[in-house]
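Inside the fold
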Amino acid sequence: MQQSPVQASRGLFLLAVLLIRYVYPFVMPSAVRGVVWSLLTAIVILFLGLIGLLYISYNRDKQYASEIQYLRHKITEKDAQIKQLQQRNGQPLTTSDSLPAAPTPSDF
């Protein structure tokens, strides 16, 4: 089963939070902590925005895939109806090979 990008991002986010919580106080001197906290806050906000965009993109991709599948199904149904009507009326079936070629600019 394919893992969504949001689930993978959650794992990275959790790892970052644990590192900040347990490693950060021992590494940084107190004078620099205010600046670092501001930068970390900005990074977390950007990271949450990225997670939101990935979630939207993933859902749209799933939606487009289902719409494509539905449209292919409808085209197949319509092709079957056209063939059935042509056979009922006794008209020969036309294929794309027997259709006339598109006019070229030199034909005008």
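The structure we're discussing is the one just above.
What comes next is a walk through the structure. Small disclaimer: the values here were computed from a predicted structure and weren't measured. (Residues numbered from 1 in each chain as written. Predicted model: local features only at pLDDT ≥ 70, side-chain atom pairs only at ≥ 80, totals over all residues. Heavy atoms only, no water.)

1. Details of the pattern of salt bridges
What counts, and what does not: Here a salt bridge means any side-chain nitrogen of Lys or Arg lying within 4 Å of a carboxyl oxygen belonging to Asp or Glu. Helix and strand labels come from DSSP, where a helix needs a run of H or I of at least four residues and a strand needs a run of E of at least two; each type is numbered from the N terminus. Buried means the residue's accessible area, taken with a 1.4 Å probe over protein chains only, is under 20% of the maximum for its type, while exposed means over 50%, and partly exposed covers the values in between.
Taken as a whole and judged by the stated rule, the model has one salt bridge. Note that Lys-74 is salt-bridged to Glu-77, the shortest N-O span being 3.6 Å. Note that Lys-74 and Glu-77 are positioned in helix α3 (residues 33-89) at a spacing of three residues, about one turn of the helix. A residue is classified by how much of its surface remains accessible, and Lys-74, at 30% relative accessible area, is partly exposed. Overall, Glu-77 belongs to the partly exposed group, its relative accessible area being 32%.

2. A closer look at α3
Basically, it comes down to this: To estimate how far a helix should extend, the number of its residues minus one is multiplied by 1.5 Å.
With 57 residues, α3 extends 83 Å from end C-alpha to end C-alpha; this agrees with the ideal 84 Å at 1.5 Å per step. Among the residues making up α3, those that are buried are Val-36, Leu-40, Ile-51 and Gln-86. After α3 finishes, the residue Gly-90 shows a positive phi value of roughly 80°.

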